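Chain by chain, the residues run as shown.
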Amino acid sequence: MSGNTSDLRTTADVTVIDETDTRSDLRLAPDGAGHTDRLDEEMAGLLQAVAPAASDTPLTSLSGGPTGPGALTPPLRTVLNALAEGAERRGGPLPAGSPEELAADVARVFAEAEGDGALHKLTDVLSYGSADPADPSCAAHLHCPPLAVAVAADLAVSALNPSQDSWDQAPAATALETLLLQELAQLVGYDPDEAAGVLTSGGTESNLMGLMLARDRVIGQESGRQVELTGVPGTGRRARIFTSEAAHFSVQRSAALLGLGEDAVVPVPVDDQLRMKPDALAAALRDCVRRGELPLAVVATAGTTDTGAIDPLRTCASLAAEYGAWLHVDAAYGGGALLSDQLAPLMAGVALADSVSLDWHKLGWQPVAAGIFLVKRAETYASLARRAVYLNPQDDEEAGYPSLLGLSLRTTRRTDAFKIAVTLRTLGRDGLGRLVDACHALARSGAEAVRAHPSLELHADPVLTAFLFRYLPESPRDTDPERVDRINAGLRRRLLREGRAVVGRTELPGEGPGRVRLKLTLLNPHTTPADVERLLDAVVAAGRAEEEL
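Everything quoted here is computed from the prediction, not taken from an experiment.

### As for the overall build of the chain
Then, number 1: Across its full length, the chain carries 15 helices and 11 strands.
Then, number 2: Out of the 549 residues in the chain, the part that is buried amounts to 52%.

### Re the sheet that holds strand 8 (residues 456-458)
Then, number 1: Taken together, four strands build an open sheet; the order of strands is 8-9-11-10 and the sheet is antiparallel. Only two strands of the sheet have a single partner each, and these edge strands are strand 8 and strand 10 (504-507). Here the strands of the sheet are splayed against their neighbours by 40° on average, with no regard to which way each runs.
Then, number 2: Examined bridge by bridge, strand 8 and strand 9 (residues 466-471) share three bridges and lie antiparallel to one another. Looking at strand 9, one finds that Glu-457 is bridged to Arg-470.

### Regarding empty space enclosed by the protein
Then, number 1: By the definition in use, this model includes two cavities of 30 Å³ or more.
Then, number 2: The volume enclosed by the largest cavity comes to roughly 40 Å³.
Then, number 3: As for the largest cavity, its lining consists of Gly-335, Gly-336, Leu-339, Leu-358, Asp-359, Trp-360, Leu-363 and Gly-364.
Then, number 4: A breakdown of the residues in the lining of the largest cavity according to their chemical character gives four nonpolar, three polar and one charged.
Then, number 5: Quantified by volume, the second largest cavity comes out at close to 30 Å³.
Then, number 6: Lining the second largest cavity are Thr-307, His-459, Ala-460, Asp-461, Pro-462, Ala-466, Phe-467 and Leu-468.

### Side note on the pairing of strand 4 (residues 294-301)
It is a general feature of regular strands that their side chains alternate between the two faces of the sheet.
Then, number 1: The element strand 4 is extensively covered by neighbouring structure, given that eight of its eight residues are classed as buried.
Then, number 2: Where strand 2 (residues 239-244) lies against strand 4, five bridges are found, and the strand directions are parallel. Paired with Thr-243 across the bridge in strand 4 is Val-299.
Then, number 3: What joins strand 4 to strand 5 (residues 326-331) is helix 11 (residues 313-322), and the crossover it makes is right-handed.

### Considerations on helix 6 (residues 171-188)
Then, number 1: Between the first and last C-alpha of helix 6 there are 27 Å, a value that for 18 residues agrees with the 26 Å anticipated at 1.5 Å per step.
Then, number 2: For helix 6, the set of buried residues is Ala-173, Thr-174, Glu-177, Leu-180, Leu-181, Gln-182, Glu-183, Leu-184, Ala-185, Gln-186, Leu-187 and Val-188.
Then, number 3: Of the residues one or two after helix 6, Gly-189 is the one with positive phi, at around 110°.

### Section: the nonpolar core
Then, number 1: In this structure, Val-329 and Trp-360 are the most contacted members of the largest nonpolar core, which totals 64 residues.
Then, number 2: Sort the elements by how many residues they give to this core and helix 13 (residues 417-452) lands first, with nine residues.
Then, number 3: When sequence neighbours within four positions are dropped, the list of residues in contact with Trp-360 reads Leu-184, Leu-187, Leu-339, Trp-365, Gln-366, Ala-370, Ile-372, Ile-420, Leu-424 and Leu-432.
Then, number 4: Counting residues in each nonpolar core, the second largest holds 28 residues, with Met-209, Met-212, Ile-241 and Val-251 among its members.

### Details of the sheet that holds strand 5
Then, number 1: Across the sheet, seven strands lie side by side as 1-7-6-5-4-2-3; this open sheet has mixed pairing. Edge positions in the sheet fall to strand 1 (196-200) and strand 3 (265-268), since each of these pairs with one other strand and no more. In this sheet, adjacent strand axes meet at a mean angle of 20° when their direction is disregarded.
Then, number 2: Running at roughly 155° to strand 4, helix 7 (residues 203-223) makes contact with strand 1, strand 2, strand 4, strand 5, strand 6 (355-359) and strand 7 (371-375) of the sheet.

### Quick word on the pattern of salt bridges
Then, number 1: What the rule picks out here adds up to 33 salt bridges.
Then, number 2: Residue Lys-362 pairs with Asp-359 through a salt bridge whose shortest N-O separation is 2.5 Å. Grouping residues by exposure puts Lys-362 and Asp-359 together as buried.
Then, number 3: Between Asp-461 and Arg-451 there is a salt bridge; the shortest N-O distance is 2.7 Å. Of this pair, Asp-461 sits in the loop between strand 8 and strand 9 while Arg-451 sits in helix 13, placing them 10 residues apart in sequence.
Then, number 4: In this structure, a network of salt bridges that share partners links the residues Asp-154, Arg-414, Asp-416 and Lys-419.

### Regarding unusual backbone geometry
A negative phi angle characterises most non-glycine residues, just as the trans form characterises most peptide bonds.
Then, number 1: Note that the residue after Val-368, namely Ala-369, is joined by a cis bond; omega there is 5°.
Then, number 2: Note on placement: Ala-369 falls in the loop between strand 6 and strand 7.
Then, number 3: Positive phi is not limited to glycine here, since Leu-274 has a value of about 70°.
Then, number 4: Here Leu-274 lies in the loop between strand 3 and helix 10 (278-290).
Then, number 5: Using a relative accessible area of 7% as the deciding quantity, one classes Leu-274 as buried.

What counts and what doesn't
- Residues numbered from 1 in each chain as written.
- Predicted model: local features only at pLDDT ≥ 70, side-chain atom pairs only at ≥ 80, totals over all residues.
- Heavy atoms only, no water.
- Helix = DSSP H or I, 4+ residues; strand = E, 2+ residues; numbered from the N terminus.
- Buried < 20%, exposed > 50% of the residue type's maximum accessible area, 1.4 Å probe, protein only.
- Pairing = 2+ DSSP bridges.
- Axes fitted to C-alpha atoms, helices over the stretch in contact; angles between N-to-C directions.
- 1 Å grid on protein atoms, 1.4 Å probe; cavity = no way out; pocket = protein on both sides within 12 Å on 5 of 7 lines; lining within 4 Å.
- Points joined across faces, edges and corners; volume = space filled by probe spheres on them.
- Nonpolar A, V, L, I, M, F, W, Y, C, P; charged D, E, K, R; others polar.
- Right-handed = clockwise from strand over helix to strand, strands pointing away.
- Expected span 1.5 Å × (residues − 1).
- Core = buried A, V, L, I, M, F, W, Y, C linked by side-chain atoms within 4.5 Å.
- Contact = heavy atoms within 4.5 Å.
- Salt bridge = Lys/Arg side-chain N within 4 Å of Asp/Glu carboxyl O.

Here's what the structure looks like:
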């Protein structure tokens, strides 16, 4: 890879988010809260001008070629109208009712939809039956509201349908993904001339790739074998992976898929902020060697799912190097901090990692999927190299036709780099950083509101854009930890059932009752502190209703 710091462009006309002047500049994909006649008049006029009449567009029309845009226009208008109608009918962050009721509604529409009316009917029920992350009261998960410009870019990819497994299926997209990965490697702190990477489906795939390369390299050096060819040796030192108790479950899943077994993962204790304890990691590595086992990898988390906690990356890197282990940093969430001058220092040490996971469908406002996997040194990618004569024959590569096939676990692969590239060029790092900062400020404001509320208890101040808390029952009879857990779990389901809010639910590490917590993950930069306070009021009202049961 190659590149320079000037490639990470900033956009001077992106301004700080407030209620007056940025909602048109940094626009999220519409949540559909308005009527269909609120669609942008200029766009509607453009669609009308270029569109053939619906009856002139065969249902078998294709989206590509010179006639593709004209063929797309009528169904696109149908989709936009149905999105707005479904969202208006929903009237909130998700539809009220039970899962069974919604499933019956979907089944009915699915059975009735046919012919040229199917697109409208099914889009309407999808919109109505969605949990809309653009609604301020939808704040449970790392499930961002995508930017409208990113969605529009994704439409271009869908229309052209390039596949990244060979140059002759994606000529421009192959070059664009390579250029984008150079910039993202530089953002992490890697030398873009030495790094390598690929777009993935998300953190789970990226973590699997990091641990696969760790397995092949560390066990390969230990055994003198090509592990990707001969498999994990049945003899020799047993490999161990070290990660925090608060790390993502995909670490255990990856260990199972790689033939190491979930038991190969050693959970390292965390502090009260859910960060890996350095002394505990050092002790675990030391004990591993004393038992005659092989330290394969340390997986440090930069942004845990529940609290956004960031492990001590420099210490993790030092200990991994001391014991000859691979360091993978799962920065699927926390990687968004690299976009912010204010929060980027939290990621100090990430450039020391052998591999990194990033997810721009979290703190990057992209439609799913927008995962990125990067390695510091391209040569560590060797075990993934693959030659398929119908996709990347050697003579083609020698003639100058590049191939990305050996960079991914997948063959057919969508051009997910395009929407990220468009967003980065449209807003620049500075513009995206302002969105990150707005969500961080919103989380801090929300945490203060929890701290000030007599019926709520804050777990810890937010590191990024999420925080944990719980409802405290008013009645003395409801102070039993099991009862408190049941009330908090129940109030969340009540909010879902009433269609009022989507609030997260998790449990603190440890054993026994009293560990259930609620979670707000604030990824909508247009949400206001007043919106969050209204959401917290709804939580309290639901908690009091649960107490009465």
